Amino acid sequence: RRAVAEVWDVSVPRFQLVPGGRLVHEPAAGGVGWRLLGSNNRELGRSSRAYPDAESALAAVTAIRSLAVASSAHIVHDPATGTWSWQLADADGSVAATSGRGFRHERECRYNLDQFRDDAPNAPAQDSAVVAELPWQRESAESLAGEAS
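About the thresholds
- Residues numbered from 1 in each chain as written.
- Predicted model: local features only at pLDDT ≥ 70, side-chain atom pairs only at ≥ 80, totals over all residues.
- Heavy atoms only, no water.
- Helix = DSSP H or I, 4+ residues; strand = E, 2+ residues; numbered from the N terminus.
- Expected span 1.5 Å × (residues − 1).
- Buried < 20%, exposed > 50% of the residue type's maximum accessible area, 1.4 Å probe, protein only.
- Arc of directions from axis to C-beta.
- Contact = heavy atoms within 4.5 Å.
- Pairing = 2+ DSSP bridges.
- Axes fitted to C-alpha atoms, helices over the stretch in contact; angles between N-to-C directions.
- Phe/Tyr/Trp six-rings, centres within 6.5 Å; stacked < 30°, edge-to-face > 60°.
- Polar contact = N/O pair within 3.5 Å; in protein donor to acceptor, adjacent residues only side chain to side chain.
- pLDDT = per-residue confidence, 0-100.
- Core = buried A, V, L, I, M, F, W, Y, C linked by side-chain atoms within 4.5 Å.

### Describing helix 3 (residues 106-119)
When the terminal C-alpha atoms of helix 3 are compared, their 20 Å separation across 14 residues agrees well with the 20 Å that a helix rising 1.5 Å per residue should span. What helix 3 keeps buried is the set Cys109, Asn112, Leu113, Phe116 and Asp119. One side of helix 3 holds all its buried residues, which, seen down the axis, span an arc of 140°. Every exposed residue of helix 3 that faces more than 90 degrees away from the buried side is listed here: Arg107, Tyr111 and Asp118. Check the buried side of helix 3 and you find it contacts strand 2 (32-37), strand 3 (43-47), helix 2 (54-70), strand 4 (73-78), strand 5 (83-89) and strand 6 (95-98).

### Some words on the pairing of strand 5
As defined by bridge partners, strand 4 adjoins strand 5 across six bridges and the pair is classed as antiparallel. For histidine 74, the partnering residue across the bridge sits in strand 5 and is glutamine 87. The antiparallel pairing of strand 4 with strand 5 creates a hairpin that spans four residues between the two strands, and glycine 82 there sits at a positive phi of about 75°. Inspection of the sheet shows strand 5 paired to strand 6 by three bridges, in the antiparallel sense. Counterpart to glutamine 87 in the pairing with strand 6 is threonine 98.

### Quick look at the sheet that holds strand 1 (residues 14-19)
Read from one edge of the open sheet, six strands run 1-2-3-6-5-4, paired in antiparallel fashion. Each edge of the open sheet carries a strand with a single partner, namely strand 1 and strand 4. Between one strand and the next, the sheet's axes are offset by a mean angle of 30°, whatever the strand orientation. In this fold helix 2 packs onto strand 1, strand 2, strand 5 and strand 6, with an angle of close to 40° to the strand it touches most, strand 2.

### Considering the packing of aromatic side chains
Scanning the model with the defined rule gives three aromatic pairs in all. Judged by centre distance (6.2 Å) and plane angle (25°), the ring pair of tryptophan 34 and phenylalanine 116 falls under stacked. One end of the pair, tryptophan 34, is in strand 2; the other, phenylalanine 116, is in helix 3, and 82 residues separate them in sequence. The same class applies to tryptophan 34 and to phenylalanine 116, which are both buried. With 4.9 Å between their ring centres and 50° between their planes, tryptophan 86 and phenylalanine 116 make a pair best called tilted.

### Notes on the side chain of arginine 46
Tracing the sequence through the fold places arginine 46 in strand 3. Residue classification places arginine 46 among the buried residues on the basis of a relative accessible area of 13%. Polar contacts involving the side chain of arginine 46 include one to the side chain of glutamate 43, which spans 2.6 Å.

### Here we look at the confidence of the model for the chain
The predicted structure's coordinates, where accompanied by low pLDDT, should not be read in detail. Per-residue pLDDT for the chain has a mean of 82; in total, 75% of the residues score no lower than 70. Contacts of residues 1-5 to residues separated by more than four positions or lying in other chains number two contacts, the stretch itself having pLDDT below 50.

### A short note on the nonpolar core
Judged by nonpolar contacts, the single largest core of 23 residues is most densely connected at Phe15, Trp34, Leu36, Ile64, Trp86, Ala97 and Phe116. Where this core is concerned, the elements lending two or more residues are strand 1, strand 2, helix 2, strand 5, strand 6 and helix 3. The biggest single contributor to this core is helix 2, with six residues. Sequence-distant contacts of isoleucine 64, defined by excluding residues within four places in its chain, comprise Phe15, Trp34, Ala96, Ala97 and Phe116.

Right under this line is the structure:
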């Protein structure tokens, strides 16, 4: 472990490791995933699944750097919500990356995919521990629990 906290330049696109539960919107889900943040700190894309550990997630980031340039992408429309999303496929045809959210317009979705493809090949990846929750999240939850009782 590092004794000194890493300092990240948050003004450049970068890969960030996140708890797997955030990817599938189930806090109890385990594993580690990744997301690519743009220079404005907005999510450009994310892993389509959680990996068993940080090392596996970082290996997936290495692979996605190549896939971002060379793999086929699919634009998907969900008629139930009226939103558009994108997916990048790996060599097996499995979804390796997906947009972090749905878009109201197809052009916004395509623009997001282009940004992901432009930024992913050179974006650095953090290699520090994945924080399941930040101290302020724990304090907020404890405060709400105290108010409820």
